[in-house]
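Spelled out, the chains give:
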Amino acid sequence: MKGFFSKLSQAIMLPIALLPAAGIMLGIGGSFTNPTMIEAYNIGILQDGTALNSFLQIMTAAGGIVFANLPVMFALAIAVGFARAEKGAAALAALISYLVMNVAIAKTLVVGGMLDAETNTVVLMGEHYAGVLADILGISNTLSMGVFGGLIAGAITVALHNKYHDVRLPDYLGFFGGARFVPIISAFAALFYGIILTFIWPYFGAAFGFIGNALGEMTASGNGYFASFIFGIIERSLIPVGLHHVFYLPLWQTEIGGTAQIAGELIKGTQNIFFASLASGDFSHFTSTNFMTGKFPFMMFGLPAAAYAMYTLADAENKRAAGGLLFSVALTAFLTGITEPIEFTFLFLSPALYYALHVPLAGISFLLMDILNVKVGMTFSGGFIDFSLFGMLPGLTGVNNHWYFIPVVGVVYAFVYFFLFRWYILKFDVKTPGRKGSAVAVVSKKDYHASKAGGGDDAKAVAMIEALGGEANIVDVDACITRLRITVKDSSIVKGNDYWTQELGARGLVKVGDTGIQAIYGAEAAGYKAQINAKLGK
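Residues numbered from 1 in each chain as written. Predicted model: local features only at pLDDT ≥ 70, side-chain atom pairs only at ≥ 80, totals over all residues. Heavy atoms only, no water.

Participant: I would appreciate a short explanation of the overall build of the protein in the present structure.
Facilitator: Scanning the protein for helices and strands turns up 21 helices and eleven strands. When the 538 residues of the protein are sorted by exposure, 53% land in the buried category. Summarising the internal contacts of the protein: among those between residues at least 6 apart in sequence, 69% fall at separations of at least 24. For the protein, the accessible surface area stands at approximately 22900 Å², while carbon and sulfur atoms represent 65% of it. (Helix = DSSP H or I, 4+ residues; strand = E, 2+ residues; numbered from the N terminus. Buried < 20%, exposed > 50% of the residue type's maximum accessible area, 1.4 Å probe, protein only. Contact = heavy atoms within 4.5 Å. Areas by Shrake-Rupley, 256 points an atom, 1.4 Å probe, with all protein chains shown as cover.)

Structure below.
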């Protein structure tokens, strides 16, 4: 089960990786076409009808189309991520499945007399279900299933693909065999499960809506703070096993994270509500219990301060080398919100430092942002880029989002992290980078050039394959933003954490079940994936 969810987390990172670009377009376009801001500052070149305003409106629409079509992207991502071979054919089959599924749903609603056009509701067993209809990719009045619709179509398609991608048909049907057979059988399957979903999904939609309403009521009654705190605790606790994406995605993209009526359209999910609010210039619908804003204080300020604390405790002869390592991971956390490199720097040295100090502080950060009513969203992580585009920029152009509390709380968090980490490292003698006897190697520039001279990245890829138990033990190699994610036949013959950190430059190694391996390399992970697959001939 861990291996499955790890693979799922890895697969959904493909569409999530698109969000920063789309978010930037929405952030810039939405902020500089905000009528309130334009009127307040009397900026003539941004007035409605000017060339710049027209371009920015196009930019806003271009960013919005990505968020509007995340479900189909998830269908494609699941197919590509889980397909054992012929990944392109799997992706095509998933797209066809998603389209057929939605057409089957829309037509079943019509021919079954289940569509009440006057109230825009679905009628099932005499009950009216509101807010479950949507127009998707030119298909009118299908069921609004959000990313779950994409996940269902992608999952069923990839199951059929893995079973039939190499099927052999009789000679007279030979052209339709192999990978060509998968889109055909997937389309027929989508026809039937689309009809079935028509009769059962409104109940799921109602259940998700109930959860979303409950969260909204918790917020309205003052108990939303507790929800924010618990979210922060769970989200950070799942980082080591790489399952945090699976946890927060439903809150960001479905009714579970709340609903709001914006510009005449029902928007579902915390992230979608934020960007719809940003595009419309009306933040009154974006609640403070948003499962996003709490990341900014500890990602931009707390963890970089923890890195500085580790630097101050490095031995004098290792300070320069340790500083290079720690500065790079701190800058990555501050700018982009990618914190795994720095988190894994101390997680494997002292799990208690991670779970007893860092995780509770993350939960408190979400709680404080909620109490202070800060309304700043993000594309995928809480770094300075997202903070400036979706917090500072809208705030400076007329949106009352209380963005200024983030640096205020962040400065406090910097001091808290710095002193707590120094105290804990000294108290329990944690061997952080640069301290004598450290279990985490600090690689100098001289060491780096020496390794390049000895064969460079190709040699490192070969060493990684050997550390994974050899080519025969490797089933699949993939990568997300910060991790190599490898499926092996037997994880017991894979070399341990110390070897990967000391000899192969990893931040850490996680074994997930009997077959899952995650090597944390930060932004270099995708490059190593390509090099290893090239060596394996994949």
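Participant: Even after reading the chapter, I still don't get the pairing of strand β5 (residues 139-143), so can you show me in this structure?
Facilitator: Look at any regular strand and the pattern is simple: side chains alternate between the two faces of the sheet. Sheet topology note: the strand β4 (residues 133-136)/β5 ladder contains three bridges and is antiparallel. If you follow leucine 133 over to β5, its bridge partner there is leucine 143. (Pairing = 2+ DSSP bridges.)

Participant: How should I be thinking about the pattern of salt bridges in this particular structure?
Facilitator: Where charged atoms from two side chains of opposite charge come close, those side chains can pair. A full pass over the atoms with the stated rule returns four salt bridges. We note a salt bridge from glutamate 235 to arginine 236, for which the minimum N-O separation is 2.8 Å. The shortest N-O distance in the salt bridge between aspartate 478 and lysine 529 comes to 3.3 Å. A residue pair is termed long-range when its members are at least 10 positions apart, and aspartate 478 in strand β8 (residues 474-479) and lysine 529 in helix α21 (residues 525-536) qualify at 51 residues. Through salt bridges with shared partners, one network takes in Glu235, Arg236, Lys295 and Glu343. (Salt bridge = Lys/Arg side-chain N within 4 Å of Asp/Glu carboxyl O.)

Participant: Help me out: how do you make sense of the packing of helix α5 (residues 70-82) against helix α7 (residues 146-164) in this one?
Facilitator: Between two packed helices, both the angle of their axes relative to each other and the distance between the axes serve to describe the pair. The N-to-C vectors of α5 and α7 enclose an angle of 30 degrees; their axes lie 7 Å apart at closest approach. In terms of orientation, α5 and α7 fall into the roughly parallel class. In this structure, α5 crosses over α7, and the sense of that crossing is right-handed. Taking contact as the criterion, the partners of Leu70, Pro71, Phe74, Ala75, Ile78, Ala79 and Phe82 in α5 are, on α7, Gly146, Val147, Gly150, Leu151, Ala153, Gly154, Ala155, Val158 and Asn162. The residue makeup of the contact of α5 with α7, split by class, is twelve nonpolar, four polar and no charged. (Axes fitted to C-alpha atoms, helices over the stretch in contact; angles between N-to-C directions. Parallel < 35°, antiparallel > 145°, perpendicular 65-115°, else oblique. Left-handed = near helix turned anticlockwise from the far one by under 90°. Nonpolar A, V, L, I, M, F, W, Y, C, P; charged D, E, K, R; others polar.)

Participant: Explain helix α12 (residues 295-312) to me, please; I cannot follow it from the model alone.
Facilitator: Because an α-helix completes one turn every 3.6 residues, residues spaced three or four positions apart along the sequence face the same direction. Across its 18 residues, α12 extends 25 Å between first and last C-alpha, which sits within 8% of the 26 Å expected from 1.5 Å per residue. The largest bend along α12 reaches roughly 30 degrees and is located at glycine 302, with the proline proline 304 sitting one to four residues downstream. (Expected span 1.5 Å × (residues − 1). Bend = angle between axes of the 7 residues up to and from the residue.)

Participant: Sorry, what's going on with the sheet that holds strand β11 (residues 516-520) here?
Facilitator: Sheet strands line up and pair through hydrogen bonds in the backbone, either parallel or antiparallel. Strand order in the open sheet formed by four strands is β8-β9-β11-β10, with antiparallel pairing between adjacent strands. The open sheet has two free edges, formed respectively by β8 and β10 (508-512), since each of these has just one partner strand. Averaged over all pairs of adjacent strands, the angle between strand axes in this sheet comes to 20 degrees, irrespective of strand direction. Bridge count for β8 against strand β9 (residues 483-488) is five bridges, and the pairing is antiparallel. Across the sheet, aspartate 478 pairs through a bridge with arginine 485, a residue of β9. Against the sheet, α21 touches β8 and β9, its axis set at about 150 degrees to β8.

Participant: Could you clarify how one ought to interpret the packing of α12 against helix α14 (residues 340-347) in this entry?
Facilitator: Between α12 and α14, whose axes approach to 10 Å, the crossing angle comes to 45 degrees. In this view, α12 runs oblique relative to α14, as classed from their interaxial angle. Of the two elements, α12 crosses α14, and the hand of that crossing is left-handed. Contacts from Leu303, Pro304, Ala307 and Met310 of α12 reach α14 at Ile342, Glu343, Thr345 and Phe346.

Participant: Any chance you could explain helix α6 (residues 87-111) here in plain terms?
Facilitator: Between its first and last C-alpha atoms α6 spans 36 Å; for 25 residues at 1.5 Å apiece the expected length is 36 Å, and the two agree. Glycine 113, located one to two residues past α6, shows a positive phi value of around 65 degrees.

Participant: What's the story with the nonpolar core in this structure? I'm lost.
Facilitator: The tendency in soluble globular proteins is for nonpolar side chains to be buried side by side. Core analysis: the biggest nonpolar cluster contains 105 residues, and Met101, Leu143, Phe274, Phe298 and Tyr417 have the highest contact counts within it. It is α12 that provides the largest number of residues to this core, a total of eleven residues. In this structure tyrosine 417 touches Phe298, Gly302, Leu303, Ala305, Ala306, His358, Leu361 and Ala362, once residues within four positions along its chain are discounted. (Core = buried A, V, L, I, M, F, W, Y, C linked by side-chain atoms within 4.5 Å.)

Participant: Before we go on, may I ask you to explain unusual backbone geometry in this structure?
Facilitator: Of all residues except glycine, most have a negative phi; of all peptide bonds, most are trans. Positioned with a positive phi, leucine 137 is a non-glycine residue whose angle comes to about 50 degrees. With respect to the helices and strands, leucine 137 occurs in the loop between β4 and β5. Classification of leucine 137 by relative accessible area gives partly exposed; the value is 43%. With a phi angle near 55 degrees, histidine 402 is a residue other than glycine that sits in the positive phi range. Note on placement: histidine 402 falls in the loop between α16 (384-396) and α17 (405-427).

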